[in-house]
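# Coordinate inspection notes
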Amino acid sequence: MRYDRRADRLIGIIAGAAVVLALVAGVAWGLARDDADDPAARADTTASGPIDDRCALEVQRATLAMRAGAVDRLTSSGATIAALPPGGDLGKGAATVPVDSATMISCRLTTGRIVTDGGLRFDVAGQATDITDLVVDFDSQTVVAETRSPGFEGVVSSVIDTGAIDGLDRGGEVMYIIPISLLSNEAGTLDDALQKAVLSDGTLPTDATLTIVGAKRPLE
């Protein structure tokens, strides 16, 4: 009988491919199993809704971000936006804002207070407006920020729309996205034309969001 080396090589190639496929499948199964064991991986990251109110929130980090529509309108009007230290600039009108202090907040966001550091600087034709040091008071449902510009220095406050807050429960961790307005109607806080460019057509009921992330703690 004649020995066919080509057939032998072909069988070897097929067998080798089968081994490789088996290894790949094994690795993929292992990764899938690891993800399944990770609570964060199992969380529905698109879900939002009310959070169990039988807990308190220990705030760990916060991010301040202008809405994309507001950023587009501001930049097209000639403004630039940058983070103020000690916050970190995330680009596109967003910044991390360190949490200076926070009282224990109910998971339904009905009580408690957060004080943050840093903020955003809006530069318009070489004149800067700084909006910094946000204080979120859930007892009064207000956000207060220090504002400094060539024509104004003081604090500006806005009311929190609790019905518009998105929440995501990740098990031991909770994230909230809170709609806020940084651009005020107070005279001098920012160039009037830019305020109108951002909010006048009514499609942006708020111009920014504050995202807070914290650990769930049992109520004392």
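Provided above is the structure to which this section pertains.
Below or above, wherever it landed, is the structure these notes cover. (Residues numbered from 1 in each chain as written. Predicted model: local features only at pLDDT ≥ 70, side-chain atom pairs only at ≥ 80, totals over all residues. Heavy atoms only, no water.)

## Notes on the side chain of T209
Within the secondary structure, T209 is located in strand β14 (residues 208–218). For T209, a relative accessible area of 13% translates into the label buried. Setting aside chain neighbours within four positions, we find T209 in contact with T63, L64, A65, R67, I177, I178, P179 and I180. (Helix = DSSP H or I, 4+ residues; strand = E, 2+ residues; numbered from the N terminus. Buried < 20%, exposed > 50% of the residue type's maximum accessible area, 1.4 Å probe, protein only. Contact = heavy atoms within 4.5 Å.)

## Things to note about the state of the cysteines
On inspection of all chains with the given rule, the structure shows one disulfide. The disulfide partner of C55 is C107, and the S-S distance across this bridge is 2.0 Å. Taking the torsion about the sulfur-sulfur bond, which here is approximately -125°, the covalent link between C55 and C107 counts as left-handed. With C55 in strand β1 (residues 55–66) and C107 in the loop between β6 (105–106) and β7 (113–116), the pair connects residues that are 52 residues apart, well separated along the chain. Each of the two residues, C55 as well as C107, counts as buried. (Disulfide = S-S within 2.5 Å.)

## A few points about the nonpolar core
With 39 residues, the main nonpolar core has M66, F122, F138, Y176, I180, L182 and I212 as its most contacted residues. Top contributing element to this core by residue count: β1, with six residues. (Core = buried A, V, L, I, M, F, W, Y, C linked by side-chain atoms within 4.5 Å.)

## A word on the pairing of strand β12 (residues 166–169)
Looking at chain direction, β12 and strand β13 (residues 173–180) are connected through four bridges and run antiparallel. Looking at β13, one finds that L168 is bridged to M175. (Pairing = 2+ DSSP bridges.)

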